[in-house]
Each structure stands twice: as C-alpha cells, then as structure tokens.
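Chain residues, written in single-letter form:
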Amino acid sequence: MSLNMLMPRIGRGVAAALHTPTLRSAFTRPRATPLTAALVSKRWESAAAAAAAAATTTAATAAAAAAQPTPEDLQRLNSLRNIGISAHIDSGKTTVTERILYYTGRIKEIHEVRGKDNVGATMDWMDLEREKGITIQSAATYAQWGGTNLNIIDTPGHVDFTIEVERALRVLDGAVLVLCSVSGVQSQTITVDRQMRRYNVPRISFINKMDRAGANPGRIIDQIRHKLKMPAAALQVPIGAEDAFEGVVDILANRAVYNRGARGEDIVYGEVPAHMADAVSAAREELVATLAEVDDEIGELFIEEKAPTEQQIRAAVRRATIARKFTPVLMGSAIKDKGVQSLLDAVVSYLPNPTEITNTMLDIDNNEQALDVIPHSNQPFVGLAFKLEEGKYGQLTYIRVYQGRLEKGQFAYHVKTGKKIKIARLVRMHSNSMEDVDSVGAGEICALFGIDCASGDTFTDGTINCSMSTMFVPDSVISLSLTPKDKNAPNFSKALNRFQREDPTFRVHVDAESKQTIISGMGELHLDIYVERMRREYNVDCITGKPQVAFRETATSKAKFAYTHKKQTGGSGQYGRVVGYIEPIDSALHAELPYEFVNNVVGGNIPTQFLPACEKGFMDGLKEGFMVGHPVVGVRMVLEDGQAHMVDSSELAFRLATLNAFREAFKASGPRILEPIMLVEVSAPVEFQGNVLGSLNKRKGMIVDTETQEDYCVITSEVPLNNMFGYSTELRSATQGKGEFSMEYKRHSPVMHSVQEELIKEHQAKLAEKK
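Computed from a prediction, not measured in an experiment: that's the story for all the values here.

*Asks:* Tell me what's going on with the overall build of the protein chain, and back it up with residues and numbers.
*Replies:* Secondary structure assignment for the protein chain yields 21 helices and 38 strands. The buried share of the protein chain, reckoned over its 771 residues, is 52%. Once local pairs closer than 6 in sequence are excluded, the contacts in the protein chain between residues at least 24 apart make up 71%. For the protein chain, the exposed surface amounts to about 35,800 Å²; the carbon and sulfur share of it is 50%.

Spelled out as structure tokens, the structure:
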C-alpha cells in the first residue's frame, strides 16, 4: 500500500510522522522481520498518541476561547448590578426605591407610600398595597446610574410575605439592607440577614430615617456587628441629626455632601465642617481598623502603621463586601431626599457584577454533579423562573438568565418536564408596566408570557441537561377553613390554583373528614390578603372559619412493637408480622426530614420486596396522630424482625401491619403535642411598657429581651401561636394605637399538660359530632 493511499485514513500529525525516512521505509518494505514489525508498531502508536494529544490541546484551546466572553459582553457584564432592597417592615424600602427611580430618570415625579395624592409609590402597584401602605409582592424594575445598568427588586418587609424576599435574594447578586435610624436591627432584619447568608448575597447597609427623633447611627452599627454578627463600619458621618439633619461627610473623599434642589436632585460638595474634623478622623480610623481585620492588604498596612490611600481603602471595601466579610454603612433620609445618590454610587462601587459571583448548577446526566455557571452570553442558555404572576396577557414568568442568551423567537426546554417552548414575547419589567425587548444576555432579569411552569423551574436551550438549585420554602404556620358564599362560584378553584402557583407558601387541601377547603400560610395577614384578593380579582366572597394552628405530635420515649396482621377471607388471606421499636429524634436536627425509617432485618425474615411497603405503612402512620389528628414528627422507626407467609403475605399486608404496629407503639411512647412558638417583637412608647408586658404574660409569653431606645421600648418574647390570635386589637387598645408588633415562626415546642388534655378533648368532641 502506498503512502498516498494511506493519507485519507490517518491524522495530519501521523502523516507528518510517516514522511520520516525510517517510518516510511517500514511501510514500503516488502517483507518485515518480527523485530522490525514491533518497532514499526511502537512508532505508529507513539505518532498516534502525539496526534491525539495535539487534537485534545486544540479542542481545549477552542473550548477556552469559546468560554471567553466578547469584549462587548464583558463590558456589559462589568456595568451590570442585580440588587434587592430588603428590610424590616416600615424601614423605608419602597421610599428608597422610589427615590432611586427618580434620580436615575425612570420616573418623572415622586409619589409616597399612602400618599395624599392617591397615586402611591411606583413599586407598590396593587390596590391592596396602596390601601394598607405595605409591600405585598416583590416588584422588579431596571434603571441606569452613571453608565451602570441596575436591575432592582423591591421586596416586602412583613414576615408573612417572606417567600417574596426568599426568591428575590435567590436570583440577586447583591442587596441593600435598609435599617431605621431609631429601631435598628429588628426581627425581620434578622430573618433577611439569614436569607442573605443562605444565598451568599453581599450587602450594603443603609441607615434610613436620619431625620427621625432619636436617630442614633452609632447604635445601629453596633447592632449590625453584634446582632447580625457582621463586621461593619460607616463610610459617612452625618451632619446633624433628627430635625437638624443636613447631609453627610464622605469619610474617604473627606468632603461634605449636601442635597439641594426641590427634590434633592442637585449634589453640592463642600468643606468638612470645622467642628466635625475630629469625628471624621475617628470614623476613618475605625473604618481602617475594621477593614484590617477582614482584608489582608489593609491588615499589613495597619501592622506597619502606614496610612492607606483612598483608593486602597475603596478597593478593600469592595473586596471585603463581595467576600461577605464586611458591610459598608451609609446613611440618609429617603423621605427628605437626602443620601440616596451616595447609596447608588456605593452600589456601583462595592456590590459585585454577575461575573464576580459563583453560581452552581446540577448536571442531571452526571449524577447531579455541581458545575459552575459561566455567566457569558456565548454559552448554552440556562435560566431560572423565580416568580410567577397572573397578568392580563396570561401567566407572566420572571426569569434570571444565568448563562447564555435568551432571544425572542428561540426555543427553550423546560428541564423538569422536557417540554419544548417557543419564546413568543420577551419583556423587561418596570413595576407593573413592561417594555418589549428582542434579547437578554447572561446576568439579566426578564419576563416571559405564556409559559406553563412553577416557581423554581429551570430552562435551557436543550444542549445541556442541567438544573439550578431551587429556593428554600418555609413551612406554613396557620390554617383557615374557606367556604365560598355562592356554592357554584366558578372562579373559586381557579383562584386557589393560581395563588398556589404564584406563592409556594400558600397551600390548599380538602379535609378528608369535614370536606372543607383548608388554606394554609405564613400568618393571619397572609391569608387575609388572599381572601381579599379572591373577592376583588375573582368576585368570590368567602366565609373563613376559626384559624387552625399547625400542631404536631411526637414521641418522648422508646416503645417496642411486635404486631401480627392476619386476615382470612376465603382464598388467599393477608399475613404480615413486624417486630422492632420506635424512638424520638430531635426534629430540629432533622429539619429537612423530621422522621426516619431504619431497616435492620437480617436473614430474609421479611422478604426484600415487602420492605418498601413497610416504609409506606410507617409514612401512613405519620400523616395523622391519634391525639389531635395532626402529623407526627421527630420519630425514628427501627424494623428488626418479622415473619412472612408464602401464600398470604403481600405488600398490602405488610403495609397494614407496619401502620398498626406504629400506632400501637406511638400510644405507648409518651406522646406529646407540639405547638408553633412565635418570636414576637413589640415596639411601643415607654409609658406603655407595663401594659405590653402584661398582655404578653397573659398569653403565656416568655420575655426574651427588653430594650429601651430613647422614648420607645422594644420587647422580644416567645409566645405560642395559638395564643396570638386577636393580639393586634388588644395591643392597639393597650397602647392607644401607638404600639406595633411583628412575629415570625421560631420552633415547635411541647404544650403544657393541661393544654394537651384540652386539645385532646376538643378533638374527641369533633370526632363524636361527625359520627
């Protein structure tokens, strides 16, 4: 065979090798000895390996080149920030967002929350939000500040709508934590902090309401350090406070910053007031000392007693903030139009762009191996649906594009269902209005129409089979029975189905015994809002029953069981015997799965095909306890032995045997009823402190902390949820309408024995009525 005939069959590297005299002669020689044949074979393998290595290197180089973004895409990513505005209720989040939109030119005039002009803030677009003066749904918008594009999500502050904060922080790269200059770190602030840590979101802290009586930014910074366990230092010093609040001093630039003009749109810089020179110098030293503990470069300069430059400090603040080791603190008064532009400058300077945050996805085809998301537009498309909304054009799906590009007219694949969908319309959201776009790149937030999906679903372009991790969804804590006034209301089930799709914390089920529709949620306000929305949006008036608390039942001691299920009905019967024990486990340590089934059967006494049925029987027993009919948690069932019959044993027999064995053992395990305990924070004027303490003690509350701030007191206590119904009315009357409270779920704890007996009697009475 000639060399020319071989050319189509071999690689370029091998062909080059064959042009060497030694190798060529081996192929053209008519006869070869075993030794020469071996040499030829070895040289052929070496050449093939070299060719394969060259091809691999070329492919790797091509892949690396493909992974690199284009200069235009890199520039777009560097000038992009995805931020959320989060805080405790009434800290001024929506007011801050309204000023951001005004100063960035997105809106032409400012409207206030509960404004006298009956317009309301831009981001609170629902009628219910404007009437109640609270944010119920997170709202997305986009703006531009100094050449940097901002995707902004304004989130609710009330604990009942915590899922809105949860899913917003899941898709954001940074956040602004707004704190009141008087109240400081409150219960929902701690919850938001926990959510930011869960999703590794860097934050800037903004102390708002500096014009309020009792404003004390120094105390708020201490609370951030001690209550939130986050190193913090101010980048500004206020010029005056309360009524005399005029502006701030920029510590790094060493200049005063004032807001002038009708709405504070004009920034005026000036000299630092002479009487503040020492305070500014001390604040700068404190900033450097705090950074020295979290940043190596500043730490070295601090040890060497060298003063860092302004640029070195700014770079250190950015590094430490993105690494979530530090939070810079700014201050102002959004309602007085002061300090918001400096906050925008800090967002651009210190919060990360999408390329500086590591997001991971799970490779479904490779045993859910974690892969890093490459936030470039030239990669395969991956997006996460994080929020659903029913609009006038159908379901509106909010999507964060993590990788690749999403274009109008292209096809996307729903990872969970495998369905192929066409992107018919692509929009950017501005509160409840929208702007059509042709495409969005990696790192952007957009919305789609006509997509059938659930919150937390992943979409790709079909070339990769990966899924983003979904968001954390807390358990519901309160339930109500719901009955439409008109039994034939066609929109009743339609409304409930829509609300369930939009809000994962809103759950609906039909009680098997009473046949009533039961809705469950995060609190009274949460459920009241949905009942009111059903009336307004679907013309369905509903009657609500007494709130039901999500009790749980648990075992307190080990109990053995040896149960035989035997039933003969002519022909083959049912037979199954199970032996073992149940024991309590700490449900707090097993929060993901508050129960456990352990199979310790040896010798095949229970055939392996019946073991899944045994576990199903255990799960059946957990659904409903015998004391009050609520689910059982905190129990481990250990199966040690059993017996089967060659003919009569079946999956059903072992399932029923395990179910009845569990019920018998649970009754002997010292069962207790658990009730949800709420962390309640009450804020009221000092003169009503005694009234508030008395009202909490009357509801069997345990006082955890009492803090006095100027003329206000903040009382933190743990109170059973069952005792909190109607508390808002009582608090208003006890404090002349000046008190307010917030509560969030803390844990489930055993009820007192007297309460347990009452609950069991009530449950028995209900069962007797149904008979």
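Moving on, there is more to tell.
*Asks:* How would you explain the pattern of salt bridges if you had to name every residue and give the values?
*Replies:* Tallying each qualifying case throughout the model produces 36 salt bridges. The salt bridge partner of Arg99 is Asp337, with a shortest N-O separation of 2.9 Å. Residue Arg99 is located in helix H6 (residues 93-103), and its partner Asp337 is located in the loop between strand S11 (327-331) and helix H14 (340-350); the two are separated by 238 residues in the primary sequence. Of the charged contacts in the structure, one is a salt bridge between Glu537 and Arg498, with a shortest N-O distance of 2.9 Å. Within this pair, whereas Glu537 is found in helix H16 (residues 524-538), its partner Arg498 is found in helix H15 (residues 491-502), the two being separated by 39 residues in sequence. Three or more residues joined by partner-sharing salt bridges are found here, namely Asp73, Arg76, Arg428 and Glu444.

*Asks:* Go over the side chain of Asp337 with me, naming the residues and quoting the values.
*Replies:* Given a relative accessible area of 7%, Asp337 falls into the buried group. Polar side-chain contacts of Asp337 include one of 2.9 Å to the side chain of Arg99. Beyond its immediate stretch of four places on either side in the chain, Asp337 contacts Arg99, Tyr103, Ile110, Asn259, Ala262, Arg263 and Gly264.

*Asks:* Explain the packing of helix H11 (residues 277-294) against helix H12 (residues 296-303) residue by residue, including any values.
*Replies:* One can describe the packing of H11 onto H12 by two numbers: an axis separation of 6 Å at closest approach and a directional angle of 120 degrees. As judged from the angle between their axes, H11 and H12 are oblique. Between H11 and H12 lies a crossing of left-handed hand. Counting all contacts with H11, which are made through Val288, Ala289, Leu291, Ala292 and Val294, the residues of H12 involved are Asp296, Ile298, Gly299 and Phe302.

*Asks:* Residues and numbers for the packing of aromatic side chains, please.
*Replies:* Under the definition given, this model contains twelve aromatic pairs. Measuring from ring centre to ring centre gives 6.4 Å for Tyr595 and Phe618, while their planes differ by 75 degrees; the resulting arrangement is edge-to-face. Within this pair, whereas Tyr595 is found in strand S33 (residues 595-599), its partner Phe618 is found in helix H17 (residues 611-623), the two being separated by 23 residues in sequence. Through a chain of ring-to-ring contacts, three or more aromatic side chains come together here, namely Tyr595, Phe597, Phe618, Phe626, Phe662 and Phe666. Over the aromatic face of Tyr398 sits the side chain of Lys387, whose NZ or CZ is 5.9 Å from the ring centroid. Note that Arg400 overlies the ring of Tyr402, its terminal NZ or CZ placed 4.6 Å from the centroid.

What counts and what doesn't
- Going along each chain's sequence as written, the residues are numbered from 1 onward.
- Residues qualify for local features only when their pLDDT is at least 70, as the model is predicted, and side-chain atom pairs are given and counted only at 80 or more; totals for whole chains, interfaces and linings, by contrast, use all residues.
- Heavy atoms throughout the structure, all of them, feed into the side-chain values; hydrogens and water do not.
- Secondary structure elements are taken from DSSP: a helix is a run of H or I of four residues or more, a strand is a run of E of two residues or more, and numbering for both begins at the N terminus.
- A 1.4 Å probe rolled over the protein chains alone gives each residue an accessible area, and that area as a share of the maximum for its type sets the label: buried under 20%, exposed over 50%, partly exposed in between.
- The contact criterion used is simple: two residues touch if any of their non-hydrogen atoms lie within 4.5 Å.
- For every accessible area listed, the method is Shrake-Rupley and the probe measures 1.4 Å; residues are considered covered only by the protein chains on display.
- Salt bridges are counted wherever a side-chain nitrogen of Lys or Arg sits within 4 Å of a carboxyl oxygen of Asp or Glu.
- Two N or O atoms count as a polar contact when they lie within 3.5 Å, although within protein this holds only if one can serve as hydrogen donor and the other as acceptor, and sequence-adjacent residues are included solely when both atoms are side-chain atoms.
- Lines fitted to C-alpha atoms define the axes, with helix axes restricted to the stretch in contact, and inter-axis angles between N-to-C directions lie between 0 and 180 degrees.
- Relative orientations are named as follows: roughly parallel for angles under 35 degrees, roughly antiparallel for angles over 145 degrees, roughly perpendicular for angles from 65 to 115 degrees, and oblique for any other angle.
- The handedness criterion is simple: a crossing whose near helix is rotated anticlockwise from the far helix by less than a right angle is left-handed, and one whose near helix is rotated clockwise is right-handed.
- Two rings from Phe, Tyr or Trp (for Trp, the six-membered ring) form a pair when their centres sit within 6.5 Å of each other. Planes less than 30 degrees apart are called stacked, planes more than 60 degrees apart edge-to-face, and all others tilted.
- Either the NZ atom of lysine or the CZ atom of arginine qualifies as a charge over a ring when it sits within 6 Å of the ring centre and within 35 degrees of the ring normal.

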